[in-house]
Amino acid sequence: CSRDWSSDVCSSDLCMHDIRLIRDDPAAFDKGLTRRGLQPQSDALLVRDKALREVQTQLQQMLARRNEASKLIGQAKAKKNEDAAAKLMQEVAALKDAVAKGEEDERSQQAALNDLLAAIPNLPFDDVPDGADEHGNIELRRFGTNPGIKDPKQHFDIGETLGQMDFEAASRMSGARFVVLKAGLAKLERAIANFMLDLHTGTFGYTEVAPPFLVRDQAAFGTGQLPKFAEDLFQTTTGFWLVPTAEVPLTNLVREQILEAKQLPLRFTAYTPCFRSEAGAAGRDTRGMIRVHQFSKVELVSITTPEQSAAEHERMTSCAEDVLKRLNLHHRTMVLCTGDMGFGSRKT
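Note that the structure is predicted; figures quoted are calculated from it, not measured. (Residues numbered from 1 in each chain as written. Predicted model: local features only at pLDDT ≥ 70, side-chain atom pairs only at ≥ 80, totals over all residues. Heavy atoms only, no water.)

A.B. asks: Looking at this structure, how should I read the overall build of the protein?
C.D. replies: Check the secondary structure of the protein and you find ten helices and nine strands. Relative to the compact-globule value of 20 Å for 348 residues, the protein shows a C-alpha radius of gyration of 27 Å, a clear excess of over 25%. Across its three principal axes, the protein shows a C-alpha extent of roughly 100 × 45 × 40 Å. Excluding contacts between residues fewer than 6 apart, the proportion of contacts in the protein whose partners are at least 24 apart in sequence is 74%. Counting every atom, the protein has about 20,500 Å² of accessible surface; 52% of that belongs to carbon and sulfur. Within the protein, one finds 44 positive and 49 negative side-chain charges whose respective centroids are separated by 3 Å. (Helix = DSSP H or I, 4+ residues; strand = E, 2+ residues; numbered from the N terminus. Rg over C-alpha atoms; globule rule 2.2 N^0.38 Å. Contact = heavy atoms within 4.5 Å. Areas by Shrake-Rupley, 256 points an atom, 1.4 Å probe, with all protein chains shown as cover. Lys, Arg positive; Asp, Glu negative; His and termini not counted. Charge placed at Lys NZ, Arg CZ, Asp CG, Glu CD.)

Following this line, the structure appears as structure tokens:
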């Protein structure tokens, strides 16, 4: 559950877009971007892709000719044809330089294409409603009845009155957007986290994980935090990133591995601190625990096949809902529209 005790459950196809899929159906790719309120981009991407493949074809031809010429040198020398051998050696030397330049060109063009692909958000599923912002979100169901609290108070007013939520002490040691929880509230946060972990592991079959809180570039890139959201993260002077969510290390548990389909789904849960710079939150929620730099969260991550993704997403949503039901908390389950979804999400 996230900071406001609601739960965001996203279905994501991670990393960058596959240029092969864009080649196969550019119209579908552009349609997905249009639903997100973006301009079509397949034409520009395919122009770069074509140029890259032409370089790769030229490289393959030069490498093949270099290998052929190298063999012919040996044959010429065997026949004591030194003139032919000398010309072939000159050709091989020239090809060596051309191949080196071609490989550098290939790396440069591949990097440029990858950068473009990595900056494009995920495409929404067909059943995600279209919309420009939160006003386009749709309520799917609700649980319980509104308690109808008279004269409601803000959470920070209650916490400070109890003497168990201390923003001033946090500010003295860490600056703005931090909080110290004390006594009953500190115990309550720990108890709720234990409750969630016990429920998800004992009832729903998730495996509890205690992951690192520091990750390298590749891990943050693999879950869509980099490159687009670098300013929203905290980075150490030694190149590590503080995790903004346990989704990052949990998903990277299977990084650089090939899994057998029979192993899936893999279901992981973790209780971790999360660190976010809130770079774009100036003037928003300046009081309270909504947009702090550090907060704790229980995360759910499933690794499954594309064919089972939608069903697993629904299952995960029900697991999150069950937390709120068991706590008898009145809530709504919403599906976010295309204009309100996160960058890496296909459905939320």
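Still to come is the rest of the account.
A.B. asks: Explanation requested: the packing of helix 7 (residues 183-202) against helix 10 (residues 309-326) in the structure shown.
C.D. replies: In contact at an axis separation of 11 Å, helix 7 and helix 10 are set at 130 degrees when each is read in the N-to-C sense. The angle between helix 7 and helix 10 falls in the class oblique. Between helix 7 and helix 10 the crossing geometry is right-handed. Touching Phe-195, Met-196, Leu-199 and His-200 of helix 7 are Cys-319, Asp-322, Val-323 and Arg-326, all from helix 10. For the contact of helix 7 with helix 10, a count of residues per class yields five nonpolar, one polar and two charged. (Axes fitted to C-alpha atoms, helices over the stretch in contact; angles between N-to-C directions. Parallel < 35°, antiparallel > 145°, perpendicular 65-115°, else oblique. Left-handed = near helix turned anticlockwise from the far one by under 90°. Nonpolar A, V, L, I, M, F, W, Y, C, P; charged D, E, K, R; others polar.)

A.B. asks: So what exactly am I meant to see when it comes to the environment of Lys-71 here?
C.D. replies: As for its position among the elements, Lys-71 is in helix 3 (residues 42-78). We classify Lys-71 as exposed; its relative accessible area is 61%. In this structure, the C-alpha to C-alpha distance between Lys-71 and Leu-88, residues 17 residues apart in sequence, is 9.6 Å. (Buried < 20%, exposed > 50% of the residue type's maximum accessible area, 1.4 Å probe, protein only.)

A.B. asks: Would you take a moment to explain the side chain of Ser-42 for this structure?
C.D. replies: Mapped onto the elements, Ser-42 comes out in helix 3. When its relative accessible area of 2% is taken as the criterion, Ser-42 is described as buried. A distance of 2.5 Å separates the side chain of Ser-42 from the side chain of Asp-30, its partner in a polar contact. (Polar contact = N/O pair within 3.5 Å; in protein donor to acceptor, adjacent residues only side chain to side chain.)

A.B. asks: What exactly am I supposed to notice about helix 10 here?
C.D. replies: Compared with the 26 Å implied by 1.5 Å per residue over 18 residues, the 26 Å span of helix 10 between its first and last C-alpha is a close match. Among all positions of helix 10, only Ser-309, Glu-312, His-313, Met-316, Thr-317, Cys-319, Ala-320, Glu-321, Asp-322, Val-323 and Leu-324 are buried. Looking at the buried side of helix 10, the elements it contacts are strand 1 (138-143), helix 7, strand 7 (266-275), strand 8 (294-303) and strand 9 (331-335). Looking one or two places after helix 10, you find Asn-328, whose phi comes out positive at around 55 degrees. (Expected span 1.5 Å × (residues − 1).)

A.B. asks: How should the nonpolar core be read in this particular structure?
C.D. replies: Within soluble globular proteins, side chains that are nonpolar generally end up buried alongside one another. Among the nonpolar cores identified, the biggest contains twelve residues, and these are Ile-192, Ala-193, Met-196, Leu-197, Leu-199, Phe-204, Tyr-206, Val-298, Leu-300, Met-316, Cys-319 and Val-323. Among the elements of the structure, helix 7, strand 8 and helix 10 are those that each provide at least two residues to this core. Counting residues per element, this core draws most heavily on helix 7, which supplies five residues. Beyond its immediate chain neighbours, meaning those up to four positions away, Leu-197 contacts Glu-208, Thr-269, Ala-270, Tyr-271 and Val-298. Membership of the second largest hydrophobic core comes to ten residues, among which are Ile-19, Ile-22, Leu-117 and Leu-123. (Core = buried A, V, L, I, M, F, W, Y, C linked by side-chain atoms within 4.5 Å.)

A.B. asks: Would you mind showing me how to read helix 6 (residues 167-174) here?
C.D. replies: What sets the pattern is the α-helix's 3.6 residues per turn: residues three or four places apart point alike. Residues Phe-167, Ala-169 and Ala-170 constitute the buried set of helix 6. Projected down its long axis, helix 6 shows its buried positions confined to an angular sector of 160 degrees, all on one face. Turned more than 90 degrees from where helix 6 packs its buried face, Glu-168 and Arg-172 sit exposed. Here the buried face of helix 6 lies against helix 5 (155-162), strand 2 (165-166) and strand 3 (180-181). Between the side-chain oxygen of the N-cap and the backbone nitrogen of Glu-168 there are 3.2 Å, and the N-cap of helix 6 in question is Asp-166. (Arc of directions from axis to C-beta.)

A.B. asks: Can you help me understand the pattern of salt bridges in this one?
C.D. replies: When the charged atoms of two side chains lie near each other, side chains of opposite charge can form a pair. A full pass over the atoms with the stated rule returns 22 salt bridges. One salt bridge in this structure joins Arg-35 and Asp-130, with 2.7 Å as the shortest N-O distance. Taken together, the residues span a long stretch of sequence, with Arg-35 in helix 2 (residues 26-35) and Asp-130 in the loop between helix 4 (82-118) and strand 1 at a distance of 95 residues. When the shortest N-O distance is used, the salt bridge between Glu-321 and Arg-141 registers 2.9 Å. Taken together, the residues Glu-321 in helix 10 and Arg-141 in strand 1 connect sequence positions 180 residues apart. (Salt bridge = Lys/Arg side-chain N within 4 Å of Asp/Glu carboxyl O.)

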